[in-house]
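# Tertiary structure, described
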Amino acid sequence: MKKSNGRAQWSSKIGFILAAVGSAVGLGNIWKFPGKAYDGGGGAFILIYVAIVLLIGMPVMLSELALGRNTQSDTVGTFRKLNKKFTWVGYIGVIVAFIIVCYYSHIGGWVLRYIAGYIIEPNKIFADPKAYCYNMLGYSIADGSSFIPWTAIIFAAIFIAANAIIIIKGVEGGIEKFNKVGMPALFAILIILLVRVITMDGTGEGLRYMMTVDFSNVTFDTLLTALGQAFYSLSLGMAIMTTYGSYVPKSENLAKNTALICIMDTIVALVSGFIVVPAVFATVGSESVGKGALFAFVSLAGVFEQMPGGAFFGMMFYLLLFFAALSSCISIIEGVVAFLTEQFGCKRKSITIWLCIAMLVIGSVYTSTQAAFGIKGIWFDFKNGVTYPAFCDFMEFITDRVMIPLCALGITVFVGWFWKPQSAVAEVESSGVKFKLAGVYGFLIKYVVPVSITVILAVSIITGTTLS
Ligand code: PFF
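Rules and cut-offs
Residues numbered from 1 in each chain as written. Predicted model: local features only at pLDDT ≥ 70, side-chain atom pairs only at ≥ 80, totals over all residues. Helix = DSSP H or I, 4+ residues; strand = E, 2+ residues; numbered from the N terminus. Rg over C-alpha atoms; globule rule 2.2 N^0.38 Å. Buried ≥ 20, exposed ≤ 12 C-beta atoms within 10 Å, placed from the backbone. Axes fitted to C-alpha atoms, helices over the stretch in contact; angles between N-to-C directions. Parallel < 35°, antiparallel > 145°, perpendicular 65-115°, else oblique. Left-handed = near helix turned anticlockwise from the far one by under 90°. Contact = placed C-beta atoms within 7 Å. Near = placed C-beta within 6 Å. Nonpolar A, V, L, I, M, F, W, Y, C, P; charged D, E, K, R; others polar. Core = buried A, V, L, I, M, F, W, Y, C linked by C-beta atoms within 7 Å. Expected span 1.5 Å × (residues − 1). Bend = angle between axes of the 7 residues up to and from the residue. pLDDT = per-residue confidence, 0-100.

## Things to note about the overall build of the protein chain
Scanning the protein chain from N- to C-terminus turns up 19 helices and two strands. Compactness check: the protein chain gives a C-alpha radius of gyration of 21 Å against a globular reference of 23 Å for 468 residues, within 12% of the reference. Seen along its three principal axes, the alpha-carbon backbone of the protein chain occupies a region of about 60 × 50 × 45 Å. Sorting the 468 residues of the protein chain into buried and exposed places 53% on the buried side.

## Quick look at the packing of helix H17 (residues 391-419) against helix H19 (residues 438-463)
Axis angle and axis distance: for two packed helices, these are the angle between their axes and the distance between the axes, and together they describe the pair. Two numbers describe how H17 lies on H19: the axes approach to 9 Å, and their chain directions differ by 160 degrees. If you check the angle between H17 and H19, you find them roughly antiparallel. Between H17 and H19 lies a crossing of left-handed hand. In contact with Arg401, Pro405, Leu406, Ala408, Leu409, Thr412, Val413, Val415, Gly416 and Trp417 of H17, H19 contributes Ile445, Lys446, Val449, Pro450, Ile453, Thr454, Ile456, Leu457 and Ser460.

## Considerations on the site of the ligand
Neighbouring the ligand are 16 residues; Gly26, Gly28, Ser235, Ile240 and Ser328 lie closest to it. Where the shell around the ligand is concerned, the elements lending two or more residues are helix H1 (13-24), helix H2 (27-39), helix H5 (87-120), helix H11 (220-233) and helix H15 (310-344). Of the residues that constitute the shell around the ligand, the class distribution is eight nonpolar, eight polar and no charged.

## Let's talk about the nonpolar core
Among the nonpolar cores identified, the biggest contains 154 residues, and Ala97 and Leu320 are the most heavily contacted of them. Not counting residues within four places of it along the chain, the set of residues in contact with alanine 97 comprises Met238, Ala239, Ile240, Ile332, Gly335 and Val336.

## A short note on the environment of alanine 66
Residue placement: alanine 66 occurs in helix H3 (residues 43-71). A residue is classified by how many C-beta atoms lie within 10 Å of it, and alanine 66, with 28 of them, is buried. Taking the C-alpha atoms as reference points, alanine 66 and glycine 138, 72 residues apart in sequence, are found 45 Å from one another. If we skip the residues at most four places from it in the chain, alanine 66 touches Gly245, Leu254, Ala424, Glu427 and Val428.

## Looking at unusual backbone geometry
Here glutamine 72, not a glycine, exhibits a phi torsion of approximately 55 degrees, which is positive. Mapping glutamine 72 onto the fold places it in the loop between H3 and helix H4 (75-82).

## Concerning the environment of serine 368
For serine 368, the position within the fold is in helix H16 (residues 348-368). When the C-alpha atoms of serine 368 and glycine 138 are compared, they prove to be 6.7 Å apart, with 230 residues separating the residues in sequence. Residue contacts for serine 368: discarding those within four places in its chain leaves Gly138, Ile148, Pro149 and Phe373.

## With respect to helix H9 (residues 171-198)
Over its 28 residues, H9 runs 38 Å from end to end, which matches the ideal 40 Å to within 8%, given 1.5 Å per residue. The axis of H9 is deflected most strongly, by about 25 degrees, at lysine 180, and proline proline 184 appears within four residues downstream.

## Structural notes on the confidence of the model for the protein chain
Taken as a whole, the protein chain shows an average pLDDT of 90; of its residues, 97% reach a score of 70 or greater. Mean pLDDT across the secondary structure elements of the protein chain bottoms out at strand E1 (residues 379-381), with 80, and peaks at helix H18 (residues 421-429), with 97.

## Concerning the packing of H4 against H5
Across the interface, H4 lies against H5 with an axial gap of 7 Å and an inter-helix angle of 175 degrees. As far as their axial angle goes, H5 and H4 are roughly antiparallel. On the side of H4, the interface is formed by Thr75, Val76, Thr78, Phe79 and Arg80, while H5 contributes Thr87, Val89, Gly90, Tyr91, Gly93 and Val94. Of the residues assigned to the contact of H4 with H5, the class counts are five nonpolar, five polar and one charged.

Here you go:
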């Protein structure tokens, strides 16, 4: 549906909710959250995480959605319309979204590779999970040779092509339609996997670990990790929600929708934690719970190998990751495409294709520097001085440690102190329903949120802590 001003709009309430949940629910929930919850002590981390989502995640998401709906613009246009001095916030959002999508889309390709792998050659994966994964990434463990990771690149190209088709079809015809199928499929697979794990022998210990609240191991680092994870998981600080907010009709209650999106995203993270951690405890042992790429592609193979019906459930797990990754990836690309079409008058179709080609090429460097080639980035923090991390890590450092918190800080300072919480509240109430928590929201967005983000930013630059 198009509005009188020519902008696209979600055609239904459920269409918007599913798209926003689709953006939030991604690789972050399914493979990052379980490892972090385990590291952070199980139940204690979960409580901290939920508190952060409520006190920090929700006000920031509401602000982003309100900004977008108010201005009816892409991210950069939003700030340009409201206060030109803050246009840099929009630019950071777009740049960070582009860097993230370059690697996110390649990981989507690896996921596709593993769906195919679990269907056609599960025994090969089980025989040597690490060798299989490294082989996809262009490195042979057997003879120590490196080569261009064509397998990963070809699968990334397929994944990126799927994104391009959906984006070119537009907001209602592509994004909304895909999510109406993809999100229910994701929830169904999640439930199947949860039932599988709960009915498996030996998962009691892991389930207990996740439900035991013990604050004795909680450190300042745990808080930072939870904060970084919440931003990433809720797709905040990248101006994606601003763009999605600009497609929301005025009649929608933004506060209620924000709560719903945050709750759904958190439920998926928790359920993933309750699937992955107990399954790893029961099979390969608790010390194997980890996070990041190698955990999701290497250690989990051991879990599926020992699980009755493992090849099938392995395939289901990567299918779950596929739906999660695709709906998130679409949202990031849409943020960049909206910016380029609205600010520079680019054609949706051609700019999407160019963007996708750039993602494939830059992402290939990300994939190739995982194991095969030693291209380095450069990094500085006060604890370690100047270091030269692998290029793939460099891409994640610069987005997670610096740009996301900076963009989120810009958004909250702008909404809290320049645009003013009253304007956001007025936007929320334009649906005709009173926003009962307006006072609490104003306090959080003016004080609690900016202070917390400043702390993350400062600590990550000083100590080099990895936040996501
Ligand atoms: N929220 C997604 C996840 O948890 O994997 C990742 C993501 C999507 C980050 C969209 C940023 C974004 F704009």
